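# An overview of the molecular structure
One letter stands for each residue in the lines below.
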Amino acid sequence: MSATATLQQSAALPPSPPVSRPQWTVMIERMRESQGWSQAALARRLQVSPMAVSRWERGINEPSSSIYVELGKITGAPECWYFWGLAGLTRSDIDKALGVAANA
């Protein structure tokens, strides 16, 4: 098959359906934009490469639990709980770490 025939055949294929991103990608991007930061600025804050932030936001790679903890610290309440939940932390874990009494 010639190159021209291959191009014509591939042009006739239906377009691929849009790929939806995981919710965590949207939340990272939203948090970064709400801070007014570029991907490079967030990368500096988290001590990772700008490419890592780009890959997270595109859903190519997922951040580690330690990055989710840092994102929660940056975001503040109430959004912090979303990121901390992705890190596997619960409110009771945080309360224990902070020494908060169960009945307080």
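Attention here is on the structure that accompanies the text.

## Concerning the overall build of the chain
Counting its secondary structure elements, the chain contains seven helices and zero strands. Secondary structure elements of the chain occur, N-terminal to C-terminal, as α-α-α-α-α-α-α. For the chain, the residues scored as buried account for 26% of the 104 residues in total. For the chain, the share of sequence-separated contacts (at least 6 apart) that also reach a separation of at least 24 residues comes to 44%. Element-wise, carbon and sulfur atoms account for 55% of the exposed surface of the chain, whose accessible area totals about 7000 Å².

## A short note on the packing of helix α3 (residues 39–46) against helix α5 (residues 65–75)
At a minimum axis separation of 11 Å, α3 and α5 run at an interaxial angle of 110°. Viewed along their axes, α3 and α5 adopt a mutual orientation that is roughly perpendicular. Residue-level inspection shows Leu42, Arg45 and Leu46 of α3 in contact with α5, the latter providing Ile67, Glu70, Leu71 and Ile74. In terms of residue class, the contact of α3 with α5 is made up of five nonpolar, no polar and two charged.

## Some words on the pattern of salt bridges
Enumeration over the complete set of coordinates arrives at four salt bridges. Arg21 serves as the salt-bridge partner of Glu29, at 2.8 Å between the closest nitrogen and oxygen. Exposure remark for Glu29: the relative accessible area of 22% places this residue in the partly exposed category. Notably, a salt bridge pairs Arg32 with Glu33, separated by 4.0 Å at the nearest N-O pair. Looking at Arg32, the relative accessible area reads 9%, which means it is buried. Residue classification places Glu33 among the partly exposed positions, given a relative accessible area of 49%.

## Some details on α5
The complete set of buried residues in α5 reads Ile67, Tyr68, Leu71, Gly72, Ile74 and Thr75. The buried residues of α5 occupy an angular sector of 160° when the element is viewed end-on, so they sit on one face.

## Looking at α3
Of all the residues in α3, the buried ones are Ala41, Leu42, Ala43 and Leu46. Just past α3, the residue Gln47 takes up positive phi, approximately 60°.

## Examining the environment of Ala40
Tracing the sequence through the fold places Ala40 in helix α3. When the C-alpha positions of Ala40 and Met51 are compared, they lie 8.3 Å apart, and in sequence the two are eleven residues distant.

## A closer look at the environment of Glu62
With respect to the element layout, Glu62 can be found in the loop between α4 (50–58) and α5. In the structure, Glu62 is positioned 40 residues away from Pro22 in sequence and 9.6 Å away in space, judged by C-alpha atoms. Those residues in contact with Glu62 that lie beyond four places of it in its chain are Trp24, Trp56 and Tyr68.

Conventions adopted
Throughout, a residue's number is its position along its own chain's written sequence, starting from 1. Predicted model: local features are reported for residues with pLDDT of at least 70 only, side-chain atom pairs are reported and counted for 80 or more only, and whole-chain, interface and lining totals are derived from all residues. Note: side-chain values were computed over all heavy atoms of the structure, leaving out hydrogens and water. For the purposes of this entry, the term helix denotes a DSSP run of H or I that reaches at least four residues, the term strand denotes a run of E that reaches at least two, and both are numbered from the N terminus. Buried, partly exposed and exposed residues are distinguished by accessible area as a fraction of the type maximum, computed with a 1.4 Å probe on protein chains only: under 20%, between the cut-offs, and over 50%, respectively. Any pair of residues with heavy atoms lying within 4.5 Å of one another is described as a contacting pair. Computed with the Shrake-Rupley method and a 1.4 Å probe, the accessible areas treat only the protein chains shown as cover for residues. Angles run from 0 to 180 degrees between N-to-C directions of axes, and those axes are lines fitted to C-alpha atoms, restricted for helices to the stretch in contact. Should an angle fall under 35 degrees it is taken as roughly parallel, and over 145 as roughly antiparallel, whereas 65 to 115 is taken as roughly perpendicular and any remaining angle as oblique. Each residue is assigned to one class: nonpolar for Ala, Val, Leu, Ile, Met, Phe, Trp, Tyr, Cys and Pro, charged for Asp, Glu, Lys and Arg, and polar for all the others, Gly among them. A side-chain nitrogen of Lys or Arg and a carboxyl oxygen of Asp or Glu constitute a salt bridge if their distance falls within 4 Å. The arc in question is formed by the directions pointing from the helix axis toward the C-beta atoms.

So, to be careful, I would describe these as geometric facts and stop short of saying anything about function.
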